[in-house]
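What the coordinates show
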Amino acid sequence: RQNYLKQQFYFISLCKSLNQNMTLSRIVDFFIHKTHYQDPNILRRARLLVRACFVTSFFSLSYVWLSLIFGYEKGVYLMVFNFLGFLAMTLLVKTKISIGVLGNTYVFIGGFAVVVLTYYSGGVWSAIYPWIISIPVLAILVVNRRSGVIWTVISFGFMVWFAILAVQGVELPVEYNLELRTIWYVTIVPGLLLIVMFMAFVFESNQTNALLDLERKNKQLEAQKETIGRQSTDLEQLIEDKDYIIRILAHDLRGPLRNINGMVTLMKMETDASRIDEYIQMISQAAANAENLVNRVLEMDESDQKNPKVQLEEVEVSKLLGEVLENMDKAARNKSIGIEMINNGSSDRVEADKTYLMLIFENLISNAIKFTEKGKEVLVRVTNDTAERLHIRFIDQGPGISPEERGKLFKKF
């Protein structure tokens, strides 16, 4: 008996450790049909059923040789039947048969064996009689609550039936070796505790794994939600940038278009053919500048200012400023604003991208004119701070830039 109990406890410890092992999980999943994966709840029940079939089949096998010891022939047959039946159940889980149907079949196999063995070992006086309690317990754990209620009613009915037979004095057959009756009781009854507790351990482990899996999926959902949130913010920023590109282009193309319009007006009034050719060249240059400006802005947006395509060349700053001021002359005269350039630089040649540099100058002078009141002046001063440093100052008489808006000066575009 001591060896038997040690074996049972060793078996429980071994199976519990295996239940937590990923190798066992893969074995269990091997016996589950792919259709059961469509519903997480059904998948959980299918895994629990497979584990329960393995556990009870091994318990049945251990009771085969125990029945041989007690000379209980029907116990041998029924335990072999249970062992084979529970193993066959694992193969049926690999089919499309409903898990509910398979679960109730599993309970029926075990319940049938318990009732028959109880009948042929003395009824209520049998050590197997308390095992009837395990029938609804297994139904609740393996199938569901409703099945547990049904099997409770069935099991209670058998227990009442055995009780009535005992009260009426009906002697039921006792087919095991009565000389081993005491050992029979102290061996069989504790087995009920072991099987119920072990099934509870399996159920608890299965539930824990399901909760951990749910928690993992919730974390994945939270991470996906955060990713979607970031993508939404990035998309909003992208849309804002695209809108800003349109505004920038509309703003910066006004200068070249204004120049073209002014020169066309002058051409209409000009009679000198050489001057008209000069205007045509100026219009062509202004159109080329406008096209180049559009291309550069789009390139800068595409590169996101990380690797802008800068074409460096030697630029004479005073000459470039002269062109810009000439282009802005009409806008300044419309507001009676005088523009003066003072060039105190001993050397004003720099390596720069002419298109970008002109764009910067045009924006600074355009804003100076825009925010300076009528009749005032705008001063452009070029000086050499050092032998290798050229300093260009654009000084207007406008209201200036408020401190809270200064952080917006050096953003994209």
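Residues numbered from 1 in each chain as written. Predicted model: local features only at pLDDT ≥ 70, side-chain atom pairs only at ≥ 80, totals over all residues. Heavy atoms only, no water.

Re the layout of surface pockets
Quantified by volume, the second largest pocket comes out at close to 810 Å³. When its residues are assigned to classes, the lining of the second largest pocket shows nine nonpolar, eight polar and 10 charged. (1 Å grid on protein atoms, 1.4 Å probe; cavity = no way out; pocket = protein on both sides within 12 Å on 5 of 7 lines; lining within 4 Å. Points joined across faces, edges and corners; volume = space filled by probe spheres on them. Nonpolar A, V, L, I, M, F, W, Y, C, P; charged D, E, K, R; others polar.)

As for the sheet that holds strand E2 (residues 338–343)
The strands that make up a sheet are held in pairs by hydrogen bonds between backbone atoms, and each pair lies either parallel or antiparallel. Spatial ordering of the open sheet is given by E2-E4-E5, a layout of three strands whose pairing is mixed. On the outer flanks of this sheet lie E2 and strand E5 (389–395), each paired with one strand and no other. With strand direction ignored, the average angle separating the axes of adjacent strands in the sheet is 15°. Across the sheet, helix H12 (residues 354–371) touches E2, strand E4 (377–386) and E5, and the angle it forms with E5 is around 25°. (Pairing = 2+ DSSP bridges. Helix = DSSP H or I, 4+ residues; strand = E, 2+ residues; numbered from the N terminus. Axes fitted to C-alpha atoms, helices over the stretch in contact; angles between N-to-C directions. Contact = heavy atoms within 4.5 Å.)

Thoughts on the environment of Ala 387
Summarising the element assignment, Ala 387 is placed in the loop between E4 and E5. Ala 387 sits in the exposed class, given a relative accessible area of 83%. Along the sequence, Ala 387 and Gly 345 sit 42 residues apart, while their C-alpha atoms lie 9.7 Å from each other. (Buried < 20%, exposed > 50% of the residue type's maximum accessible area, 1.4 Å probe, protein only.)

Topic: the pattern of salt bridges
If you walk through the whole model with that rule in mind, you get five salt bridges. The salt bridge involving Asp 29 is made with Arg 47; its shortest N-O contact spans 2.8 Å. One end of the pair, Asp 29, is in helix H2 (residues 22–30); the other, Arg 47, is in helix H3 (residues 40–69), with 18 residues separating them in the sequence. A salt bridge links Arg 349 to Glu 316; the shortest N-O distance between them is 3.4 Å. With Arg 349 in strand E3 (residues 349–352) and Glu 316 in strand E1 (residues 313–316), this pair connects stretches of sequence that are 33 residues apart. Residue classification places Arg 349 among the partly exposed positions, given a relative accessible area of 47%. Under the relative-accessibility criterion, Glu 316 is labelled partly exposed at 30%. Here the residues in one salt-bridge network are Glu 314, Glu 316 and Arg 349, joined through shared partners. (Salt bridge = Lys/Arg side-chain N within 4 Å of Asp/Glu carboxyl O.)

As for the side chain of Ser 155
Looking at where Ser 155 falls in the secondary structure, it is placed in helix H7 (residues 145–167). The class for Ser 155 is buried, based on a relative accessible area of 3%. Apart from the residues within four sequence positions on either side, Ser 155 is in contact with Ile 132, Ile 135 and Pro 136.

Some thoughts on H12
Its 18 residues place the ends of H12 26 Å apart at the C-alpha level, agreeing with the 26 Å of an ideal helix rising 1.5 Å per residue. Looking only at H12, the buried set comprises Thr 355, Tyr 356, Leu 357, Met 358, Leu 359, Phe 361, Glu 362, Ile 365, Ala 368 and Ile 369. For H12, the capping residue at the N-terminal end is Asp 353, with a side-chain oxygen 3.1 Å from the backbone nitrogen of Thr 355. (Expected span 1.5 Å × (residues − 1). Polar contact = N/O pair within 3.5 Å; in protein donor to acceptor, adjacent residues only side chain to side chain.)

Side note on H7
Here H7 contains 23 residues, and its C-alpha end-to-end distance of 32 Å stays within 8% of the 33 Å for a straight helix at 1.5 Å per residue. Close packing links the buried residues of H7 with helix H5 (99–119) and helix H6 (134–142). Sitting at the head of H7, Asn 144 places a side-chain oxygen 3.3 Å from the backbone nitrogen of Arg 146. At the exit of H7 stands Gly 169, carrying a positive phi of roughly 80°.

Notes on the packing of helix H11 (residues 317–334) against H12
Interaxial distance between H11 and H12 falls to 10 Å at its minimum, and their mutual angle equals 40°. Regarding the angle of H11 to H12, the classification is oblique. When you trace H11 past H12, the crossing you get is right-handed. Between H11, through Val 317, Leu 320, Leu 321, Glu 323, Val 324, Leu 325, Asn 327, Met 328, Ala 331 and Ala 332, and H12, the contact on the second element is made entirely by Lys 354, Leu 357, Met 358, Phe 361, Glu 362, Ile 365, Ser 366 and Ile 369. (Parallel < 35°, antiparallel > 145°, perpendicular 65-115°, else oblique. Left-handed = near helix turned anticlockwise from the far one by under 90°.)

Side note on the packing of aromatic side chains
Across all of its chains, the model carries 13 aromatic pairs by this definition. Ring centres of Tyr 129 and Phe 162 lie 6.2 Å apart, and the angle between their planes is 80°; on these two criteria the pair is classed as edge-to-face. Residue Tyr 129 is located in the loop between H5 and H6, and its partner Phe 162 is located in helix H7; the two are separated by 33 residues in the primary sequence. In this structure, Tyr 129 and Phe 162 share a single accessibility class: buried. Members of the aromatic cluster, each reached through a chain of ring pairs, are Tyr 119, Tyr 120, Tyr 129, Phe 158, Trp 161 and Phe 162. When the ring centre of Tyr 120 is taken as origin, the NZ or CZ atom of Lys 74, which lies over that ring, is 4.4 Å away. Residue placement shows Lys 94 over the ring face of Phe 30; its charged tip is 4.3 Å from the ring centre. (Phe/Tyr/Trp six-rings, centres within 6.5 Å; stacked < 30°, edge-to-face > 60°. Lys NZ or Arg CZ within 6 Å of the ring centre and 35° of its normal.)

Describing the packing of H5 against H7
Viewed as axis vectors pointing N to C, H5 and H7 meet at an angle of 10°, and their least axial separation amounts to 12 Å. One finds that H5 runs roughly parallel with respect to H7. Along its contact with H5, which presents Asn 104, Val 107, Phe 108, Val 115, Thr 118 and Tyr 119, the element H7 presents Ser 147, Trp 151, Phe 158, Trp 161 and Phe 162. When grouped by side-chain class, the residues that make up the contact of H5 with H7 number eight nonpolar, three polar and no charged.

Focus on the environment of Asp 353
Its place among the elements puts Asp 353 in the loop between E3 and H12. Only 2.8 Å separates the side chain of Asp 353 from the backbone nitrogen of Gln 311, close enough to count as a polar contact. Engagement of the side chain of Asp 353 in a polar contact is seen with the backbone nitrogen of Thr 355, the distance being 3.1 Å.

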